[in-house]
Amino acid sequence: FANIDSPTRYVDIAIPCNNKASHSIGLMWWMLSREILRLRGIISRDSPWDVMPDLFFYRDPEEAEKEERERQEAAAKDQV
């Protein structure tokens, strides 16, 4: 994945994209994965792909645990 200002000397193949935003590389991996599955004939171009792009985004494990604890605390408060 190469940005417009990335040096491409000695690079055989570059996929132009924005690689500076936090979720842009994850989105590009999602698009590349989907296209490879289409080329292999595993999924059809007519049917939507049910894999969400956010599965390709990096999430800090500590942040995920904190969010899970907050959800559990909110569920416990709702039960009371």
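Source: prediction; values computed, not measured.

### Considerations on the overall build of the protein
- Each helix and strand counted, the protein has two helices and zero strands in total.
- In terms of overall size, the protein is more extended than a compact globule, its C-alpha atoms giving a radius of gyration of 19 Å where 80 residues would be expected to give roughly 12 Å.
- Taken along its principal axes, the extent of the C-alpha atoms in the protein is 60 × 35 × 15 Å.
- Counting all 80 residues of the protein, 12% fall into the buried class.
- When contacts within the protein are restricted to residue pairs at least 6 apart in sequence, those whose partners lie at least 24 apart make up 23%.
- Averaged over its 11 positive side-chain charges, the protein has a centre that lies 6 Å from the centre of its 15 negative ones.

### What about a negative patch on the surface?
- Where like charges cluster on the molecular surface, the negative patch consists of D60, E62, E63 and E65.
- Within the fold, D60 resides in the loop between α1 (24-40) and α2 (61-79).

### Description of a nonpolar patch on the surface
- Where nonpolar side chains cluster on the molecular surface, the patch consists of F1, I13, I15, I25 and W29 and spans about 480 Å² of accessible area.
- With respect to the secondary-structure elements, F1 resides in the segment before α1.

What counts, and at which threshold
Residues numbered from 1 in each chain as written. Predicted model: local features only at pLDDT ≥ 70, side-chain atom pairs only at ≥ 80, totals over all residues. Heavy atoms only, no water. Helix = DSSP H or I, 4+ residues; strand = E, 2+ residues; numbered from the N terminus. Rg over C-alpha atoms; globule rule 2.2 N^0.38 Å. Buried < 20%, exposed > 50% of the residue type's maximum accessible area, 1.4 Å probe, protein only. Contact = heavy atoms within 4.5 Å. Lys, Arg positive; Asp, Glu negative; His and termini not counted. Charge placed at Lys NZ, Arg CZ, Asp CG, Glu CD. Patch = residues over 30% accessible without salt bridge, like charges linked within 9 Å, V, L, I, M, F, W, Y side chains within 5 Å. Areas by Shrake-Rupley, 256 points an atom, 1.4 Å probe, with all protein chains shown as cover. Salt bridge = Lys/Arg side-chain N within 4 Å of Asp/Glu carboxyl O.

That is the geometry; function is a separate question.
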